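# Geometric and topological summary
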Amino acid sequence: MSGTAASPWRPLQRLAAWISDLRLAIGLLLVIAIASGIGTAVPQKEEAGFYHQLYDPTPWLGVLDGDGVLRLQLDHVYSSGWFLALLAWLGLSLILCSWRRQWPALQASLRWIDYRSPRQLSKLSVAETLVTDHPVAGLERLEADLRGAGWQIQRQDDRLAARRGVLGRVGPLLVHAGMVVLMVGAAWGALGGQRLERFLAPGRELELLDSRGSTQVTLALDDFRIQRDPAGRPEQFSSSLRLISPGDDAPTTEAAISVNHPLRYRGMTLYQADWSLATISLQLGRSPVLELPLQTFPQLGDQLWGLVLPTRPDGTEPVLLSLTSEQGPVQVFGPDGVALAQLVPGGEAQEVKGLPIRVASVLPASGILFKRDPGVPLVYTGFAIALAGGALSLVATRQLWAIADGPGGRLHVAGLCNRNLTAFAAELPALLQRLEPQP
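Just so we're clear, the structure is a prediction, and the values are computed from it rather than from any experiment.

Reading the values: rules and limits
Residues numbered from 1 in each chain as written. Predicted model: local features only at pLDDT ≥ 70, side-chain atom pairs only at ≥ 80, totals over all residues. Heavy atoms only, no water. Pairing = 2+ DSSP bridges. Helix = DSSP H or I, 4+ residues; strand = E, 2+ residues; numbered from the N terminus. Axes fitted to C-alpha atoms, helices over the stretch in contact; angles between N-to-C directions. Phe/Tyr/Trp six-rings, centres within 6.5 Å; stacked < 30°, edge-to-face > 60°. Lys NZ or Arg CZ within 6 Å of the ring centre and 35° of its normal. Parallel < 35°, antiparallel > 145°, perpendicular 65-115°, else oblique. Left-handed = near helix turned anticlockwise from the far one by under 90°. Contact = heavy atoms within 4.5 Å. Nonpolar A, V, L, I, M, F, W, Y, C, P; charged D, E, K, R; others polar. Expected span 1.5 Å × (residues − 1). Buried < 20%, exposed > 50% of the residue type's maximum accessible area, 1.4 Å probe, protein only. Arc of directions from axis to C-beta. UniProt positions renumbered as here; feature names shortened; annotations may be inferred. Salt bridge = Lys/Arg side-chain N within 4 Å of Asp/Glu carboxyl O.

Below, the discussion takes up the sheet that holds strand E1 (residues 126-131). The strand order across the open sheet built from five strands is E1-E20-E19-E3-E2, with neighbouring strands paired in antiparallel fashion. Two strands lie at the open edges of the sheet, namely E1 and strand E2 (152-155), each paired on one side alone. Along the sheet, successive strands turn relative to each other by an average axial angle of 15 degrees, direction set aside. Summarising the sheet, strand E3 (residues 159-164) and strand E19 (residues 398-405) pair through six bridges and their orientation is antiparallel. Considered in E19, the bridge of Ala 161 is made with Trp 401.

Looking now at the packing of aromatic side chains. Tallied over the full model, the rule gives five aromatic pairs. With centroids separated by 6.2 Å and ring planes inclined at 85 degrees, the aromatic side chains of Trp 82 and Phe 83 adopt a geometry described as edge-to-face. One aromatic cluster in this structure is built from Tyr 78, Trp 82 and Phe 83. If you follow Arg 163 out to its NZ or CZ, it ends over the ring of Trp 112, 4.1 Å from the centre. For the cation-ring pair, Arg 228 lies above Trp 275, with the distance from its terminal atom to the ring centre recorded as 5.0 Å.

Bringing the sheet that holds strand E14 (residues 318-323) into the picture now. Sheet architecture is open: five strands sit in the order E12-E13-E14-E15-E16, paired in antiparallel fashion. A single partner strand is all that each edge strand has here, and the edge strands are strand E12 (295-296) and strand E16 (339-343).

Between two packed helices, both the angle of their axes relative to each other and the distance between the axes serve to describe the pair. Interhelical geometry of helix H3 (residues 22-41) versus helix H6 (residues 81-110) gives an angle of 155 degrees and a closest axis separation of 10 Å. Classed by the angle they form, the pair H3 and H6 counts as roughly antiparallel. Crossing hand, H3 versus H6: left-handed. Of the residues in H6, those in contact with Leu 22, Leu 24, Ala 25, Leu 28, Leu 29, Val 31, Ile 32, Ala 35 and Ser 36 of H3 are Trp 82, Phe 83, Leu 86, Leu 87, Trp 89, Leu 90, Ser 93 and Arg 101. When the residues that make up the contact of H3 with H6 are grouped by side-chain class, the tally is 14 nonpolar, two polar and one charged.

Under the 1.5 Å per step criterion, the end-to-end length of helix H10 (residues 376-393) is 25 Å for 18 residues, consistent within 8% with the ideal 26 Å. The set of residues buried in H10 consists of Gly 382, Ala 386, Gly 389, Leu 392 and Ser 393. In a view along the axis of H10, the buried residues occupy a sector of 125 degrees, so they form one face of it. In H10, those exposed residues whose orientation departs by more than 90 degrees from the buried face are Pro 377, Tyr 380 and Leu 387. On its buried side, H10 packs onto helix H9 (170-192).

On to the UniProt feature "domain: ResB-like" (unreviewed entry) in the protein, then. As annotated in UniProt, the feature "domain: ResB-like" (unreviewed entry) corresponds to residues 22-283 and 360-428 in the numbering used here. In residues 360-428, the share of helix is 38% and the share of strand is 42%. The end C-alpha atoms are 87 Å apart.

Attention now goes to the pattern of salt bridges. Under the counting rule described, the total for this entry stands at eleven salt bridges. As a salt-bridge pair, Asp 114 and Arg 116 come within 3.5 Å of each other at their nearest N and O atoms. For Asp 114, a relative accessible area of 30% puts it in the partly exposed group. With a relative accessible area of 58%, Arg 116 lands in the exposed category. The salt bridge partner of Arg 155 is Glu 143, with a shortest N-O separation of 2.6 Å. In this pair, Arg 155 is assigned in strand E2 and Glu 143 in helix H8 (residues 135-148), connecting sequence segments twelve residues apart. Residue Arg 155 is classed as partly exposed on the basis of its relative accessible area of 27%. Glu 143 gets classed as buried once you look at its relative accessible area, which sits at 14%.

Below you can see the structure in the form of structure tokens.
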């Protein structure tokens, strides 16, 4: 009757045993590591057209075009359904392993085992016998030595049990718990996090909104500076910011960010990610200075900005103004691609097709990356728990039993150790030698 009642649970028990198998957990870790590598290799969370432009001419790994990358959710690996399912599967595997193996092992190590006969001790991994005329006195000296070395003792009249390093049994549980907390934090950050990259010109503002559409903070850029090497290559760029909280009486925080020096503010992180050119100020003939927006021309090259400017009032005879840095020079090309002039920001005007053109200045823009990851505290907490568990796992758990055989004139000592059993076996004879009475 009892066997019939228990039989429905057997498939679940076999399933739990399979899920908690160490080989499966290692396989899941390997798959997650490969998936994380894919997420690093493939640009994440870009527009769909970006992937078509990038991978349609040259498929990724020679296999996946833009549609394939989007279909497999490789454009957002860390928040994709299959990646989160892998994390959930690994988390369940760790929980079941802890419940079925680590927790019983910890409970077993906390229970005192009372061996009553020398024959029981002889079956343990390490066993020694000391022949002595006073076995009970030797047992008392052994108890004193072990207490002095920090062992926990449970003493009976003619025997004792001792243990040390039980805390090491908590280590594997903490490692598993830390990994589960870390994965929960990673999943929470992937689902509930925000990521926004914008180019902001000095004097402009940007409102950062929360998930409900309310303003978290208004970001104002006061100044943006690009440091260049003697060859003109950018070495560092930095932004001077003002963070204005919502509300009339809310304080304003001034801060600066640069490459590798982000700003953390109220759970948000602001990174100096890139730079661009925003506008160019031109004077055409005797006109006032006009501030015109610049645009990129990827078909002509990377980090190339410019605008098409008509030289006649009716919009005819256009020329292309192009530049690669805020320092200039500004190259002027005709419709046939022939260079017509070279203008220096802040320099003198030059005549192009009968129209004097002067470049007053070029305004660079700061590329600011905004991230908000609510799972970061959990990720750090899980990492700390896993580290603590790994450190505790290095602590060897030792157990020792001793029985004084008065009629036989012997002191039987045996023990177990879960780490470095060879060293423990070498220490036991030395411990017994100290128990012999000195002449």
